[in-house]
Amino acid sequence: MTWRTVKQLADAATPEKLFTGQWQNRPSVLDDYKSHLDDRWNEGCTNAWKLWEEIVPLDYKGSYQRVRAYLHEKRTSPRPVTARPPSPRTVAGWILRHPDTLTETEQLQLKAVRTHCSELDALTGHVRSFATMLTEREGERLPDWLDAVRQDDLPSLHTLATGIDRDRDAVIAGLTLPWNSGVVEGHVNRIKMLKRQMFGRAGFALLRKRVLLS
């Protein structure tokens, strides 16, 4: 072994540094098709036989084994560690909460989600605009809000907008006037509770007495 070989082995920081010689960096018949294989791999197609069948009509003259070996390298290569994406429930909580109540980390995470998804970005804007109407009693803005909702591709909000249109005047009044039906709903819930306590075994007369006496 010559001193040059010993020096080359000693100076190599990683085994890959020793991969030199006439067999390295040789052109391959697969080179022109690697971009196609990479795109299909990123789309979720990892079957070597299927991918080989796809590039054969593209004038690929190589063997199936070469395609299989290339994909095997992709399977066994270490993958970068990525952060776990937030769950839909978590993202919904960020959108529904007041922006001032979010921590700095949550604000940054929500900003990243909105940047990567135009639908969620539009949804967040509509939800916060509606929350402002609700808390500030700005019901006169409702027609403009409905028009803005219909301009975006958000089927779920379109369904909500259609339901609001069926009773628009009442909704505007609810978003504007200081009165609400909360007290009435409370009495309705109380009557339902009394009715459930009787397990369906008592009639209207007993229910009436319980409501009046309570």
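See above for the structure.
Calculation notes
- Residues numbered from 1 in each chain as written.
- Predicted model: local features only at pLDDT ≥ 70, side-chain atom pairs only at ≥ 80, totals over all residues.
- Heavy atoms only, no water.
- Patch = residues over 30% accessible without salt bridge, like charges linked within 9 Å, V, L, I, M, F, W, Y side chains within 5 Å.
- Areas by Shrake-Rupley, 256 points an atom, 1.4 Å probe, with all protein chains shown as cover.
- Salt bridge = Lys/Arg side-chain N within 4 Å of Asp/Glu carboxyl O.
- Helix = DSSP H or I, 4+ residues; strand = E, 2+ residues; numbered from the N terminus.
- Buried < 20%, exposed > 50% of the residue type's maximum accessible area, 1.4 Å probe, protein only.
- Polar contact = N/O pair within 3.5 Å; in protein donor to acceptor, adjacent residues only side chain to side chain.
- Contact = heavy atoms within 4.5 Å.
- Core = buried A, V, L, I, M, F, W, Y, C linked by side-chain atoms within 4.5 Å.
- Axes fitted to C-alpha atoms, helices over the stretch in contact; angles between N-to-C directions.
- Parallel < 35°, antiparallel > 145°, perpendicular 65-115°, else oblique.
- Nonpolar A, V, L, I, M, F, W, Y, C, P; charged D, E, K, R; others polar.
- Phe/Tyr/Trp six-rings, centres within 6.5 Å; stacked < 30°, edge-to-face > 60°.
- Expected span 1.5 Å × (residues − 1).
- Arc of directions from axis to C-beta.

Trainee: Mind showing me how you'd approach a nonpolar patch on the surface here?
Mentor: A cluster of nonpolar side chains, namely Met 1, Val 6, Leu 9 and Leu 18, defines an oily patch on the protein surface of about 410 Å² accessible area. Secondary-structure assignment places Val 6 in helix α1 (residues 3–11). By relative accessible area, which is 44% here, Val 6 ends up partly exposed.

Trainee: So what exactly am I meant to see when it comes to the side chain of Glu 106 here?
Mentor: Within the secondary structure layout, Glu 106 lies in helix α6 (residues 104–116). For Glu 106, the side chain forms a polar contact with the main-chain nitrogen of Thr 103, separated by 3.1 Å. Residue contacts for Glu 106: discarding those within four places in its chain leaves Trp 94, Arg 97 and Thr 101.

Trainee: Help me understand the pattern of salt bridges, please; the structure alone is not making it clear to me.
Mentor: Side-chain pairs of opposite charge can arise where the charged atoms are in close proximity. Per the stated rule, a full pass over the model turns up eleven salt bridges. Where Glu 54 meets Arg 40, a salt bridge forms, and the shortest distance between an N and an O atom there is 2.8 Å. On the criterion of sequence distance, the pair formed by Glu 54 in helix α3 (residues 48–55) and Arg 40 in helix α2 (residues 34–42) is long-range, its members being 14 residues apart. Note that Glu 106 and Arg 97 form a salt bridge whose closest N and O atoms lie 3.2 Å from each other. The exposure class assigned to Glu 106 is buried, which follows from its relative accessible area of 18%. You can call Arg 97 partly exposed: its relative accessible area is 34%. Where salt bridges share partners, they join Arg 40, Glu 43 and Glu 54 into one cluster.

Trainee: Is there a simple way to explain unusual backbone geometry in this structure?
Mentor: Residues other than glycine predominantly adopt negative phi, and peptide bonds predominantly adopt the trans conformation. Unusually for a residue other than glycine, Asp 59 sits at a positive phi of about 80 degrees. Overall, Asp 59 belongs to the partly exposed group, its relative accessible area being 47%. Phi is positive for Arg 137, close to 55 degrees, though the residue is something other than glycine. You can see Arg 137 is positioned in the loop between α7 (118–136) and α8 (142–150). Given the relative accessible area of 45%, Arg 137 is considered partly exposed.

Trainee: Could you clarify how one ought to interpret the nonpolar core in this entry?
Mentor: Across soluble globular proteins, nonpolar side chains have a tendency to be buried as a group. With twelve residues, the main nonpolar core is built from Leu 30, Tyr 33, Leu 37, Trp 41, Cys 45, Ala 48, Leu 51, Ile 55, Tyr 60, Val 67, Tyr 70 and Leu 71. Sorting the residues of this core by element identifies α2, α3 and α4 (64–76) as the ones contributing at least two each. By size, the runner-up hydrophobic cluster in this structure holds eleven residues, among which are Met 133, Leu 142, Leu 154 and Ile 164.

Trainee: Any chance you could explain the packing of α7 against α8 here in plain terms?
Mentor: To describe two helices that pack against each other, one gives the angle between their axes and the distance between the axes. Where α7 contacts α8, the two axes come as close as 11 Å, and the packing angle between them is 170 degrees. Looking at the two axes, α7 sits roughly antiparallel to α8. Counted together, His 126, Ser 129, Phe 130 and Met 133 of α7 and Leu 142, Trp 145, Ala 148 and Val 149 of α8 form the full contact between these two elements. Among the residues forming the contact of α7 with α8, the class breakdown is six nonpolar, two polar and no charged.

Trainee: Is there a simple way to think about the packing of aromatic side chains in this case?
Mentor: For any pair of aromatic rings, geometry is given as the distance between the ring centres together with the angle between the planes. Under the defined criterion, the tally for this structure stands at five aromatic pairs. Between the aromatic rings of Trp 52 and Tyr 64, the centroid separation amounts to 6.2 Å while the plane-to-plane angle is 75 degrees, which identifies the pairing as edge-to-face. In this pair, Trp 52 is assigned in helix α3 and Tyr 64 in helix α4, connecting sequence segments twelve residues apart.

Trainee: Is there a simple way to think about helix α9 (residues 155–166) in this case?
Mentor: Quick reminder: α-helices carry 3.6 residues per turn. Residues three or four places apart thus point the same way. Look at α9: 17 Å from first C-alpha to last across twelve residues, which is about the 16 Å you get at 1.5 Å a residue. For α9, the set of buried residues is Leu 157, Ala 161 and Ile 164. All buried residues of α9 project into a common sector of 60 degrees when viewed along the axis, lining one side. Among the exposed residues of α9, those oriented more than 90 degrees off its buried face are Pro 155, Ser 156, Thr 159 and Arg 166. The elements touched by buried residues of α9 are α7, α8 and α10 (168–176).

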